[in-house]
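Here is how the chains run, residue by residue.
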Amino acid sequence: MSVLKDLVRLGYSRSWVVDKYATVGLWPSEDWACTTFWPAGSRILDLGCGAGRTTIPLAQKAYQITGADLALPMVHKAYQQAKTWHVNATWAVVDGTDLPFSEGSFAGVLFSYNGIELVPRTEGKSRVLSEAWRVLKPGGHLIFTTHALEAFNQYLPIRLRRLVRFLYLRARRKPMPEMEVGEVIHDSRKNFEVYYMQIISPRTYRKLLAQTGFELVYYNSRQRLESGKSPSWYTDFDADFKFYVAQKPALQ
Ligand SMILES: C[S@@+](CC[C@H](N)C(=O)[O-])C[C@H]1O[C@@H](n2cnc3c(N)ncnc32)[C@H](O)[C@@H]1O
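Predicted model only: the values in this text are computed from it and were never measured.

How each quantity is defined
- Residues numbered from 1 in each chain as written.
- Predicted model: local features only at pLDDT ≥ 70, side-chain atom pairs only at ≥ 80, totals over all residues.
- Helix = DSSP H or I, 4+ residues; strand = E, 2+ residues; numbered from the N terminus.
- Rg over C-alpha atoms; globule rule 2.2 N^0.38 Å.
- Buried ≥ 20, exposed ≤ 12 C-beta atoms within 10 Å, placed from the backbone.
- Pairing = 2+ DSSP bridges.
- Axes fitted to C-alpha atoms, helices over the stretch in contact; angles between N-to-C directions.
- Parallel < 35°, antiparallel > 145°, perpendicular 65-115°, else oblique.
- Left-handed = near helix turned anticlockwise from the far one by under 90°.
- Contact = placed C-beta atoms within 7 Å.
- Nonpolar A, V, L, I, M, F, W, Y, C, P; charged D, E, K, R; others polar.
- Expected span 1.5 Å × (residues − 1).
- Arc of directions from axis to C-beta.

Draft legend 1. Structural view of the overall build of the chain. A tally of helices and strands in the chain yields nine helices and nine strands. Against the compact-globule benchmark of 18 Å for 252 residues, the chain has a radius of gyration of 18 Å, which places it among compact chains. Buried positions account for 40% of the 252 residues belonging to the chain.

So this is what it looks like as structure tokens:
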């Protein structure tokens, strides 16, 4: 797993990738979720903060924000951007599967823009959820987004082809870089933005959240949320990102 993590770190440390993420601004859905579920002025962890796209506007909204990312160049860029925007934030280079913060330190945790899919293996994703649960105060909320394995969009044929190849190679016991369904591993000598990611089903995330002890208090697609539509049975298949708000129960 550490080889895959190094691949992710390497991918997100390249200057053109860092520059690509150096925009600032919350999506309307993020703005709604953060201000609805996090008390004003509370302490928030922006995990996988990248170059500060969400950290800076959240600091402007007077949250006490910590921006944290696996890739040092991302954190450095975020720090520089925060100086340009004259906002206060605390910064850290961290791995979301092993956070250096004590239990109950934050009222909210954000892992935006599908960052959790860069954490290798389902087990790694589960550890991120456990770590988010640990550092949240009782009653605190975790907000994150993902793609979906079953989404009806232009990438569905590619995902289906990968799935068939994966099942075929596994059945024939042939060598394959991927070990789990939904993994994508690109050759790091090539110039892909993403060297490793894993797209799994929202059903799996719901299961992992429940196993961790979270209550899923809001779930919808970004598109439906931003166009004012309620969640529906179709949300898992919706083309757009999935939006999860999960609460650590207030009474333990
Ligand atoms: C798709 S980028 C999104 C960046 C930022 N949240 C944004 O919306 O612009 C995902 C970020 O997650 C970070 N990341 C990946 N794995 C991580 C991990 N295990 N712990 C912390 N951050 C991680 C990457 O370095 C990258 O900066």
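Now, onward.
Draft legend 2. Representation of the sheet that holds strand β4 (residues 106-111). Read across the sheet, seven strands follow the order β3-β2-β1-β4-β5-β9-β8 without closing on themselves; strand pairing throughout is mixed. Edge positions in the open sheet fall to β3 (90-93) and β8 (215-221), since each of these has one partner strand only. Each adjacent strand pair in this sheet contributes to an overall mean axis angle of 15 degrees, direction not counted. Here four bridges tie strand β1 (residues 43-47) to β4, and the two strands are oriented parallel to one another. Residue I44 lies in a different strand from β4, and its bridge partner there is G108.

Draft legend 3. Geometry of the packing of helix α6 (residues 121-135) against helix α8 (residues 202-212). In contact at an axis separation of 10 Å, α6 and α8 are set at 45 degrees when each is read in the N-to-C sense. Taken together, the axes of α6 and α8 lie oblique to each other. Our pair here, α6 against α8, has a crossing hand that is right-handed. Every residue of α8 that contacts α6 at T122, K125, S126, L129, S130 and W133 is listed here: T204, L208, L209 and T212. Its residues assigned to classes, the contact of α6 with α8 shows four nonpolar, five polar and one charged.

Draft legend 4. Representation of helix α5 (residues 72-85) within the structure. Between its first and last C-alpha atoms α5 spans 20 Å; for 14 residues at 1.5 Å apiece the expected length is 20 Å, and the two agree. Those residues of α5 that sit buried are M74, V75, K77, A78, Q81 and A82. Down the axis of α5, the sector holding all buried residues measures 160 degrees, keeping them to one side. In α5, the exposed positions angled more than 90 degrees off the buried face are occupied by L72, K83 and T84.

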